[in-house]
Structure formats: structure tokens, C-alpha cells
Amino acid sequence: MNPGLGQLWVYLQADPLGWLTATLIAYWIGVRAQRAAGGRPSVNPVAIAVVLLVALLAATGTPYQTYFEGAQFVHFLLGPATVALAIPLYENWRAVKRSLVPMVAALLAGTVTAVTSAVAIAWALGASAESLVSIAPKSVTTPVAMGIAEKLGGIPSLTAVLVILTGIIGAIIATPLLNALGLKDWRARGFAVGVAAHGLGTARAFQVNDLAGTFAGIGMALNALATAILVPVLWHW
Amino acid sequence: MIEAGILLLLCQLAGESIVRALAVPVPGPVLGALFMLAFLALRRGVPDNLARTSHDLLANFSLLFVPAGTGIILHAARLEAEALALIAALIGSTALTIAVASLAFVGMDRLLGGTQPKEQQP
């Protein structure tokens, strides 16, 4: 490599700008791939972006911390985007108000199922104790899930990964699963996906239908609350 | 866009501050969303620029999970060692949760005699 190129490489690898750009490009490739596949949910943009970035980090020997210095600007927007969920919520307020009782029923059933089934399956297949604690809040949006895992002695950064894998799985299986169940109510479809697969499920729901996306956002928020209360109780019991 | 950005950040800031000050078990941005909802209810409508900005943000919501997802690289060894248990738990539990929650929603809705006019079919 000539010295000029070498210096350029050192700059790109150390500067936040390079990794921020790489994150956007990787996601853009994922979105284009999904579009090329006719919008099929199994071609998931986040999964594609993560695979590309992990390969790039491994190939260049870049530590995750260096990568995150650039990517944090994207990560930061999770907060404002969550606040922005209030806008579709307001616009669909009448449908939301009328659905309060079904939502509470779905929330209770969903939250308990999400936590107990994840821990039970992982335990039956011999996962370690640390992994069991870390997987318990896997359906909850990232920052809250990490907080729950930390409180109970899990590994927060492992929880973050399990949460995002859950979101990718939810975004992929939701449409075929709900179709197989014969469910045609956008409110129920969206809400269930939000409870099971947080923000990534919500993003997928918005792709399909606005009302489903709104209910997914509510499901995500309520499940974060319910799990934060329920998991510590279940754990000590 | 500036006004929309200020509004979103102010709501989040208020949410995060209150969560920290009062140690409520609610994520700051979720409380921020409630403040935003209250603001819209008081104003009786969504300002155009806020509608546009939030639409753009939510249209690219899944991008925002890419940085944390890339953190999988930190846990490659554990994920490999426990791959079967963890993947089976994630897939099984996510499918079960979607099924149980959606059926509970629809079941309760039917008990109440339907709480919403028919929407268009998926």
C-alpha cells in the first residue's frame, strides 16, 4: 500500500465519520436487497446490515468500541424516534381508546408468555444461568431490557444482542404466522408484534399498515413497562 | 424540521429527567412520548413539520437498531457455544408470544362484541 493510501485508511478506520457512513451504506444495501426480493420479510435489512458490518469489522480488525464511536449517532436517534411514536398514536387515538380492554388482555398474556417461554426453552436446552437472565427481557426495547438484565445479574450487552435478534425474528415471522392464524384485525396483529418484537416489530408493522404500526408502538411501550415490573417479581419467586 | 427536532428532544429530555429524578421504572423516551401526546392533545392537532419529521424517523426506525445489533461481535463465543438453546428460545418464544398476544386481543374483542368497525383485510 502506498503511504497516501495507508494514511487514508488510518483516518477512515479511526474517524467516526467512516463507521457512520458504513452503517448507513450497510443498511441501504439491506433495504435494496429487500426491495429486490419484492419486499419479502425474510430478506431483513437489519440482519443484512449487521452481517455486512460484522464482516467488515472482523476483516479490518476494528474493535466494536471504535465502530460505535461513529455508529452512536444513529443509535442516539432511538430516543427521539420513540417520542415520535406519539404522533401516529395521536392520529389513531379513537381506535386506540376503543381497544383498551383487548389491549390489556393481550398485554398480560403476551408479557408472561414472552418471558416464561424464552427462559423455559433456553433452560430445557441447557443454556447457562447468565444466559437465562440475559434472555428473560428479550422482547423489550433495548435500553429497558439492558436495565432489567443488569439489575438481575445478567450481561446487558448480551441482552442487547438477544433483543435485536428477537426483533429480526419477529419482523420475519410475523406476517406468515399471523396469516396462518387467520387474523385480519390490524390492531391485534400490530399490538402482538409490538409486544413480542419491540421496535423492529413496530418498524415492520409500519411497513405493512399504519394502524398496525400504531398498535405495535403501543404494544412495545406497554410491554417495556409490564416486563420491567414482572421480570424481577417472577425472578425472586 | 428545527421546530420538530426541538419538540422531540424537549419531550425526551423532560422524560429522561423525570425518570432519573423520581426513579420511575419507565424508560425516559416512553415518558417523553406521553408528554408529546399531551402536547398534541392540548394543541388539538399535529404541526405539519412535526408530522413530516416523525414520519421520516419512523420510516427508518429499524436502521436505528443496527449499531446495537452489530454488538453481536462481542458475544460470538457464547452465542456459538449455546447457539441451539438461544436460537430455539428466541424463535420459539417470539412465535408463541405473537400467537398468544394476538389471539388474546381478538378473543377479548369478540367477548366485547367487537370494538372497531371492520378494517381492510391484510
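In this report, the structure presented in the accompanying data block is examined. (Residues numbered from 1 in each chain as written. Chains lettered and ligands numbered in written order. Predicted model: local features only at pLDDT ≥ 70, side-chain atom pairs only at ≥ 80, totals over all residues.)

## A word on the overall build of chain B
Quick reminder of the rule: In this description a helix means any DSSP run of H or I spanning at least four residues, a strand means any run of E spanning at least two, and both kinds are numbered starting from the N terminus. Put simply, the radius of gyration uses C-alpha atoms, and a globule should come to 2.2 Å times the residue count raised to 0.38. Buried residues are those with 20 or more other C-beta atoms within 10 Å of their own C-beta, exposed residues have 12 or fewer, and partly exposed residues lie in between; C-beta atoms are placed from the backbone. By the criterion used throughout, residues are in contact when their C-beta atoms, derived from the backbone, lie within 7 Å.
Assigned secondary structure in chain B consists of 6 helices and 0 strands. Starting at the N terminus and ending at the C terminus, chain B contains elements arranged as α-α-α-α-α-α. Its C-alpha radius of gyration of 20 Å places chain B more than 25% over the 14 Å reference for a compact globule of 122 residues. Across its three principal directions, the C-alpha atoms of chain B cover 55 × 45 × 30 Å. Scored against the burial criterion, the 122 residues of chain B give a buried share of 40%. Here the analysis covers contacts within chain B between residues at least 6 apart in sequence; of these, 34% occur between residues at least 24 apart.

## Side note on the packing of helix 2 (residues 16-36) of chain A against helix 4 (residues 64-76) of chain A
Residue and element names in this part refer to chain A. To keep it simple, the criterion reads: To obtain each axis, a line is fitted to C-alpha atoms, and for helices this fit is confined to the stretch in contact; angles are then taken between N-to-C directions over 0 to 180 degrees. Oblique is the label for any angle not covered by the other classes, which are roughly parallel (under 35 degrees), roughly antiparallel (over 145) and roughly perpendicular (65 to 115). Whether a crossing is left-handed or right-handed is set by the direction in which the near helix is turned from the far one by less than a right angle, anticlockwise for left-handed and clockwise for right-handed. By the convention adopted, Pro, Cys, Tyr, Trp, Phe, Met, Ile, Leu, Val and Ala count as nonpolar, Lys, Arg, Asp and Glu as charged, and the other residues, Gly among them, as polar.
Remark: helix 2 packs on helix 4, axes separated minimally by 7 Å, with the N-to-C direction vectors making an angle of 55°. Between helix 2 and helix 4, the angle falls in the class oblique. With respect to the hand of their crossing, helix 2 and helix 4 are arranged in right-handed fashion. Contact with helix 2, carried on its side by Pro16, Leu17, Gly18, Trp19, Leu20 and Thr23, involves Tyr67, Glu69, Gly70, Ala71, Phe73 and Val74 of helix 4 and no other residues of that element. Here the contact of helix 2 with helix 4 is built from residues that sort into 8 nonpolar, 3 polar and 1 charged.

## Brief notes about the interface of chain B and chain A
Chain B puts 68 residues into the contact, and the matching count from chain A is 100 residues. Residue contributions to the side of chain B that touches chain A peak at 24 residues, all from helix 6 (residues 83-111) of chain B. Grouping the amino acids of the side of chain B that touches chain A by side-chain chemistry returns 48 nonpolar, 16 polar and 4 charged.

## Side note on unusual backbone geometry
Of note, the phi angle at histidine 198 of chain A is positive, near 35°, even though the residue is not glycine. Mapped onto the fold, histidine 198 of chain A is located in helix 12 (residues 186-208). Even without being glycine, arginine 44 of chain B reaches a positive phi, approximately 55°. Assignment of secondary structure puts arginine 44 of chain B in the loop between helix 2 (28-43) and helix 3 (48-59).

## Observations regarding helix 10 (residues 142-151) of chain A
Of all the residues in helix 10 of chain A, the buried ones are Thr142, Val144, Ala145, Met146, Ile148 and Ala149 of chain A. One or two residues past the end of helix 10 of chain A sits glycine 153 of chain A, with phi positive at roughly 90°.

## Some remarks on the nonpolar core
Stated precisely, the cut-off is as follows: Under the definition applied here, buried Ala, Val, Leu, Ile, Met, Phe, Trp, Tyr and Cys residues are grouped into a nonpolar core through C-beta atoms within 7 Å.
One finds Ala86, Ala106, Phe191 and Ala192 of chain A together with Ala101 and Phe105 of chain B to be the most contacted residues of the largest nonpolar core, which totals 113 residues. Considering each element in turn, this core owes the most residues, 15 residues, to helix 11 (residues 156-180) of chain A. Beyond its immediate stretch of four places on either side in the chain, alanine 86 of chain A contacts Ala33, Met36, Leu37 and Leu40 of chain B.

## Side note on helix 2 of chain B
Stated formally: Here the expected span of a helix is defined as 1.5 Å times the quantity of residues minus one.
The end-to-end C-alpha distance of helix 2 of chain B, which contains 16 residues, comes to 23 Å, matching closely the 22 Å that a straight helix rising 1.5 Å per residue would cover. Listed as buried for helix 2 of chain B are Gly28, Pro29, Val30, Leu31, Gly32, Ala33, Met36 and Leu40 of chain B. For helix 2 of chain B, the elements touching its buried residues are helix 5 (78-84), helix 6 (86-91) and helix 13 (210-236) of chain A together with helix 1 (2-22) of chain B. In the segment just after helix 2 of chain B, arginine 44 of chain B is the residue with positive phi, at about 55°.

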